[in-house]
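Structural features, examined
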Amino acid sequence: MQARLIVYPPDQAAIARALRPGETVSIGRASECDLVVAHASISRRHAQLDFDQGQWRLRDLDSKNGSFVDGIAAGARGLALDGGCWLRLGDVYCEFAPLADAEIAAAERGQIARRAVAAAHTARLEGVQGLGDLLDGSLRAVVELAQCERGFVLLEDGAGYRVRASLALDPGRLHAREFGGSVGAVRKALESRRAVVVNDIGREAWLASRDSVIAAGLSALVCLPLLDGERTLGALYADRVRPGPAITTLDLELLQAFTEGAAVWIAACRTSEQLDAQLASAAWDGIVAAHAGDA
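Residues numbered from 1 in each chain as written. Predicted model: local features only at pLDDT ≥ 70, side-chain atom pairs only at ≥ 80, totals over all residues. Heavy atoms only, no water.

**So, the sheet that holds strand 9 (residues 79-80)**
Each strand in a sheet pairs with another by means of backbone hydrogen bonds, the pair being arranged parallel or else antiparallel. Threshold: Two strands form a pair only when DSSP identifies at least two bridges running between them. Put simply, DSSP marks the helices as runs of H or I at least four residues long and the strands as runs of E at least two long, and each gets a number from the N terminus on.
The strand order across the open sheet built from 5 strands is 4-3-5-6-9, with neighbouring strands paired in mixed fashion. Two strands in the sheet have a free side with no partner beyond their single neighbour: strand 4 (35-36) and strand 9. The pairing of strand 3 (residues 25-28) with strand 4 spans 2 bridges and is classified as parallel. Bridge assignment links G28 to a residue of strand 4, and that residue is V36.

**So, the layout of surface pockets**
To find the voids left in a structure, one rolls a probe of water-molecule size over its atoms. Note the threshold: Of the grid points, spaced at 1 Å and generated over the protein atoms alone, those admitting a 1.4 Å probe that cannot get out make up cavities, while open sets with protein on both sides within 12 Å along at least five of seven lines make up pockets; any residue with an atom within 4 Å of a point is treated as lining. Grid points are joined across faces, edges and corners, and a volume is the space filled by probe spheres set on the points. Under the scheme applied here, ten amino acids are nonpolar (Ala, Val, Leu, Ile, Met, Phe, Trp, Tyr, Cys and Pro), four are charged (Asp, Glu, Lys and Arg), and all others, including Gly, are polar.
As a volume, the largest pocket reaches approximately 630 Å³. Together, 24 residues line the largest pocket, and R4, A16, A107, Q111 and T248 are the ones closest to its centre. Of all the secondary-structure elements, those providing two or more residues to the lining of the largest pocket are strand 1 (3-8), strand 2 (15-19), helix 1 (101-125) and helix 6 (249-280). Partitioning the lining of the largest pocket into residue classes produces 12 nonpolar, 5 polar and 7 charged. As a volume, the second largest pocket reaches approximately 300 Å³. Every residue lining the second largest pocket is counted, 13 residues in all, and those nearest its centre are D11, Q12, R194, A195 and L252. Breaking the lining of the second largest pocket down by element, the ones donating at least two residues are helix 3 (180-192), strand 14 (196-198) and helix 6. The leading source of residues in the lining of the second largest pocket is helix 6, at 3 residues. Classifying every residue of the lining of the second largest pocket gives 6 nonpolar, 4 polar and 3 charged.

**Topic: the confidence of the model for the protein**
Any region with low pLDDT has predicted coordinates that should not be read closely. Basically, it comes down to this: Within a predicted model, pLDDT stands for the predictor's per-residue confidence, ranging from 0 to 100. Residues are treated as being in contact if the distance between any of their heavy atoms lies within 4.5 Å.
When pLDDT is averaged along the protein, the result is 85, and 84% of the positions lie at 70 or above. Predicted confidence for residues 275-282 stays below pLDDT 50, and this span has 1 contact to residues more than four positions away or in other chains.

**With respect to the nonpolar core**
Which entries qualify depends on this criterion: The nonpolar core is taken to be a set of buried Ala, Val, Leu, Ile, Met, Phe, Trp, Tyr and Cys residues, with the residues joined through side-chain atoms within 4.5 Å. Exposure categories follow from relative accessible area, calculated using a 1.4 Å probe and restricted to protein chains: below 20% of the type maximum is buried, above 50% is exposed, and the middle band is partly exposed.
With 36 residues, the main nonpolar core has V222, L226 and I266 as its most contacted residues. Elements with a contribution of two residues or more to this core: helix 1, helix 2 (131-145), strand 12 (150-156), strand 13 (161-167), strand 15 (220-228), strand 16 (231-240) and helix 6. Here the element with the most residues in this core is helix 6; it accounts for 10 residues. Setting aside its immediate chain neighbours within four residues, I266 contacts L131, L134, L135, L155, L226 and L233. A3, L5, L87 and L89 belong to the second-largest nonpolar core, a separate cluster that totals 24 residues.

If you want it as structure tokens, here you go:
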């Protein structure tokens, strides 16, 4: 029986792993594990998934924080995984689901298609004229790639950051309490200069307790810093309220590759506009007029 395991490490992209009949999958923080989960609550060799007599089984490998199947401790002998269920390894939740051959094939085709869409968005940036259109195109691409509903672009303007483009969001309302969680995620991304991904906001301690997050009803969010070398240009933010697919490590790989390209074009466009402004202030006609009486 083929299956899929989706691991949801807190504050990180989800890890999707196909499970093939007959294989054994070790899970832990150690690099030699088949599935590496970098989280403090996970032991170096935490648990193992075995396929035996047509059924998957989760076994705990004497981990510090335990392994559980729908809340029941697996122990060293292990527990059988009957159909779809939730696993917990330490503080990390995992979704286990049996999959038919057709579902596996569809998922693989979907990955290929998503890579093609990301490549098309990146190529499209080359033909965009003007900073406004560039920011709008970049935002729409990130919202689509993250399978979200709305978002905004934050851009540094010399005196701080300003919202320069938005999609399905009123920038004027970002001061309201319901956007506290969104603002917190952006601040975290800007300060760490790393992407922030949240797939299950209800399990994120730094978000779940915020009244603003509860009021907004967010289900997932992603924020990617726009980096130009050592300089932080701003950030691209997207979120959704409706339930949707997990933002996986593949999604994050595509999002980061796109954002790196977008940052290059945004930096170049801003430099070009600044040069245009400087040149305009010293236009030749103006110079001639200033020296009209020197002949």
